[in-house]
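Structural characterization, general
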Number of protein chains: 2
Amino acid sequence: MKLDALARGCGEWLRGTGPDSDIVVSSRIRLARNLAEFPFIRRCTETQRRAIARLVRERVAEVDAWSGTEYVDIQGLGDIDRQLLVERQLISRELSKAEGPRAVVVEPQETFSLMVNEEDHLRLQVMHSGFDLEPAWNKINHLDDLLEERLPFAFHEQLGYLTACPTNVGTGLRVSVMFHLPGLVLSREIDKVFRGLQKMHLAVRGLYGEGSQALGDFYQISNQLTLGKTEEQLIARVAEIVPQLLEYERKARQTLLEHNHKELHDRVSRALGILRTAKTISSEETLLLLSSVRLGINLKLITDIDIATVNRLFLQTQPAHLQKIRGRELDTAERNEERAIFLQKHLPAA
Amino acid sequence: MKLDALARGCGEWLRGTGPDSDIVVSSRIRLARNLAEFPFIRRCTETQRRAIARLVRERVAEVDAWSGTEYVDIQGLGDIDRQLLVERQLISRELSKAEGPRAVVVEPQETFSLMVNEEDHLRLQVMHSGFDLEPAWNKINHLDDLLEERLPFAFHEQLGYLTACPTNVGTGLRVSVMFHLPGLVLSREIDKVFRGLQKMHLAVRGLYGEGSQALGDFYQISNQLTLGKTEEQLIARVAEIVPQLLEYERKARQTLLEHNHKELHDRVSRALGILRTAKTISSEETLLLLSSVRLGINLKLITDIDIATVNRLFLQTQPAHLQKIRGRELDTAERNEERAIFLQKHLPAA
């Protein structure tokens, strides 16, 4: 795959369009599937894993909807390329660090991807920009059907789809909505909101999934249950909290605008000032400052930059992206300098 | 006096010219004098103080060298105007806060001034830009002679000039050199250097004299002794340490450039970035950031701003200056906003 081109571009899910995209960055749904004729990954031999990868590659190639996708052999990639795919959320950290034959099939616009030989044989994912769960569900449901016609899945009459981990059994479905919640963070209401979500059996994660910190005020909300409900019910469960969370965040932003306008404008304006002038800057500080800029654009405190640019910079200032774009390996100090140069190039003063 | 015009302008001593003005901001000399026919200030009645002020005003008006100077009655000034004179170092905090008849005579270019009824009847001061002690001494010596022809000073054959405080007896002279020492501050060598100076009976003070903090990395070095030496010897004592201090500071800057170039450039560039984008900023933060910018200009890391502009901003972003320029009283929050607006106006992006 032309990973260089990938690094320079930006997936559909980061375009910053779609419903409520001032707060909802992306909607993603994934399905966990296993092939009936093979044991679960942890019990597979290397030969079996290779056979799975080959089989999937062949069958996928037969499907019209999958034409144009690229099959990427993870084993054959260098560290930077693997990390690049993680940063783009096309593969999990686990798949990047695993051993043995494994792959990801990527649609060039990154609207969907298929991990092969991760925790399950197949992990199909659809990503849409903004709050767009229903179209995402229709899309993944269709892609899944097309796969199932050619690849017999492990399915149990009563339990549903069988998966390596019991927490995924049933639908094998995870619905995740990525929010940008700087208002709730600044107003210190975020913890309270999250405690409420957890009571509703919804999981809250940072930018890079489980265990990752909420860098740049990004939070993923997703379902914890997969069993005993239909896919539509599980999706509805996540979807129904979105308007509420949107309202909380909008209210927090409005309150900040009304009662702390000057401080907020100061924070946002300085953030852009620093991004435009730093000569060395860490990934963490960049996320923090870009988050303020993103908020500033949405509140019209910043008018000379668009959301798509900021969304893209969130991604392209990550370590692997920087190295890929620069065309060589860089140590931390070099990356911090390169990041500053990159930011200044892409955030020209008005 | 047209204090409005004063607030908008900039004294000669802040022009940023003169020898070694990358490090030495100004050279100032003051002479403490008392009129023989009056008791010291602390023992003066209000009527006597008024008589002193009137007498000085009359005699000064007779001297050609003093034509063009303005006599400012401190008692008749509002708080902001008094503080303005303190910020410009034309009067001391003490004179500003004292009661009773008192004044300052100011030369429009601010190359010299004369406080009347401070701790002593007269405190004559000459200020030059850069390291320029000898011309400053020649100037003040001449001005003092002209005053002495018309105002008999309290003088004792053995002790010399008599002053209210014994520490000023003899010459009544204080020589102060104001340094900008960000290199020694950043390299954490400043305390070591100051301990050395104190052993040599030299005093180290901050921007606004005794008890003030070293805001913006500005330090005043001055003599502690006034008795038992001639004026020339006392001045030489301060003057001889200047080249050494210049060397220390230059070495510190060079070392930073060689070993921490990127960090230094980052610090300097961000400082300017913040000054150009903040929407609210305190006086302290402004001094701190302007200090980095001043260092950056001297090290040619910043090329689109000149030292005179930064020197002027050090002064004009002080509270009284801001209020004077804005034309009305401002509370702290308003000043912080006004300061940000002022900085952005006077530090336009290249």
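Quick caveat: nothing in here was measured; it's all calculated off a predicted structure.

So, how was this worked out
- Residues numbered from 1 in each chain as written.
- Chains lettered and ligands numbered in written order.
- Predicted model: local features only at pLDDT ≥ 70, side-chain atom pairs only at ≥ 80, totals over all residues.
- Heavy atoms only, no water.
- Least-squares fit on C-alpha atoms with pLDDT ≥ 70 in both.
- Contact = heavy atoms within 4.5 Å.
- 1 Å grid on protein atoms, 1.4 Å probe; cavity = no way out; pocket = protein on both sides within 12 Å on 5 of 7 lines; lining within 4 Å.
- Points joined across faces, edges and corners; volume = space filled by probe spheres on them.
- Helix = DSSP H or I, 4+ residues; strand = E, 2+ residues; numbered from the N terminus.
- Nonpolar A, V, L, I, M, F, W, Y, C, P; charged D, E, K, R; others polar.
- Pairing = 2+ DSSP bridges.
- Axes fitted to C-alpha atoms, helices over the stretch in contact; angles between N-to-C directions.
- Expected span 1.5 Å × (residues − 1).
- Buried < 20%, exposed > 50% of the residue type's maximum accessible area, 1.4 Å probe, protein only.
- Domains from an automatic or database assignment.
- Buried area = accessible area lost by both parts, 1.4 Å probe.
- Salt bridge = Lys/Arg side-chain N within 4 Å of Asp/Glu carboxyl O.
- Polar contact = N/O pair within 3.5 Å; in protein donor to acceptor, adjacent residues only side chain to side chain.

1. Structural notes on the relation of the copies chain A and chain B
One chain copy maps onto the other through a rotation about an axis and a shift parallel to that axis. Of the transformation superimposing chain A on chain B, the axial component is 0.1 Å and the angular component is 180°, with the fit at an RMSD of 0.0 Å. Here the copies are linked by what is in effect a two-fold axis. For chain A, the residue whose C-alpha comes nearest the rotation axis is glycine 273 of chain A, separated from it by 2.4 Å. Mapped onto chain B, 100% of the interface residues of chain A are again interface residues, and the two copies thus contact each other with one and the same surface.

2. Side note on the layout of surface pockets
Residue and element names in this part refer to chain A. Of the volumes computed, that of the second largest pocket is approximately 860 Å³. Along the wall of the second largest pocket there are 33 residues; nearest its centre are Ser92, Glu94, Glu118, Arg123 and Arg174. Looking at the lining of the second largest pocket, the elements that each hand over two or more residues are β1 (24-33), α4 (93-97), β4 (112-116), β5 (122-129), β8 (173-180) and β10 (218-223). Here the lining of the second largest pocket gets three residues from one element, more than from any other, and that element is α4. Tallied by class, the residues present in the lining of the second largest pocket amount to 10 nonpolar, 11 polar and 12 charged.

3. Quick word on the sheet that holds strand β8 (residues 173-180) of chain B
All names here are of chain B. Read across the sheet, eight strands follow the order β2-β3-β4-β5-β1-β8-β10-β9 without closing on themselves; strand pairing throughout is antiparallel. Every other strand in the sheet has two partners, leaving β2 (70-73) and β9 (202-205) as the edge strands with one partner each. Strand after strand, the sheet turns through a mean of 20° between neighbouring axes, direction not considered. Where β9 and strand β10 (residues 218-223) come together, four bridges link them in antiparallel fashion. Paired with valine 204 across the bridge in β10 is isoleucine 221. Where helix α5 (residues 133-150) meets the sheet, it contacts β1 (24-33), β4 (112-116), β5 (122-129) and β8, and its direction lies at approximately 150° from that of β5.

4. Let's talk about α5 of chain B
Note that an α-helix has 3.6 residues per turn; residues three or four places apart therefore point the same way. Between the first and last C-alpha of α5 of chain B there are 26 Å, a value that for 18 residues agrees with the 26 Å anticipated at 1.5 Å per step. Every buried residue of α5 of chain B is listed here: Leu133, Ala136, Trp137, Ile140, Leu143, Asp144, Leu146 and Leu147 of chain B.

5. Remarks on the domain arrangement of chain A
All names here are of chain A. Taken domain by domain, chain A comprises domain 1 (3-242) and domain 2 (260-346). Each side of the interface is counted separately: domain 1 has 27 residues, and domain 2 has 23 residues. Summed over both partners, the interface of domain 1 with domain 2 buries about 2,200 Å², with 64% contributed by carbon and sulfur atoms. Counting the contacts that link domain 1 with domain 2 gives one salt bridge. The partner of lysine 324 in a salt bridge is aspartate 81, with the nearest N and O atoms 2.5 Å apart. Our count for the domain 1 to domain 2 interface comes out at 11 residue pairs in polar contact (both at pLDDT 80 or more). Going through the elements one at a time, α1 (3-8), α3 (79-87) and α6 (182-186) are the ones with two or more residues in the side of domain 1 that touches domain 2. Here the side of domain 1 that touches domain 2 takes five residues from α3, the largest share from any one element. Here the side of domain 1 that touches domain 2 is built from residues that sort into 13 nonpolar, six polar and eight charged.

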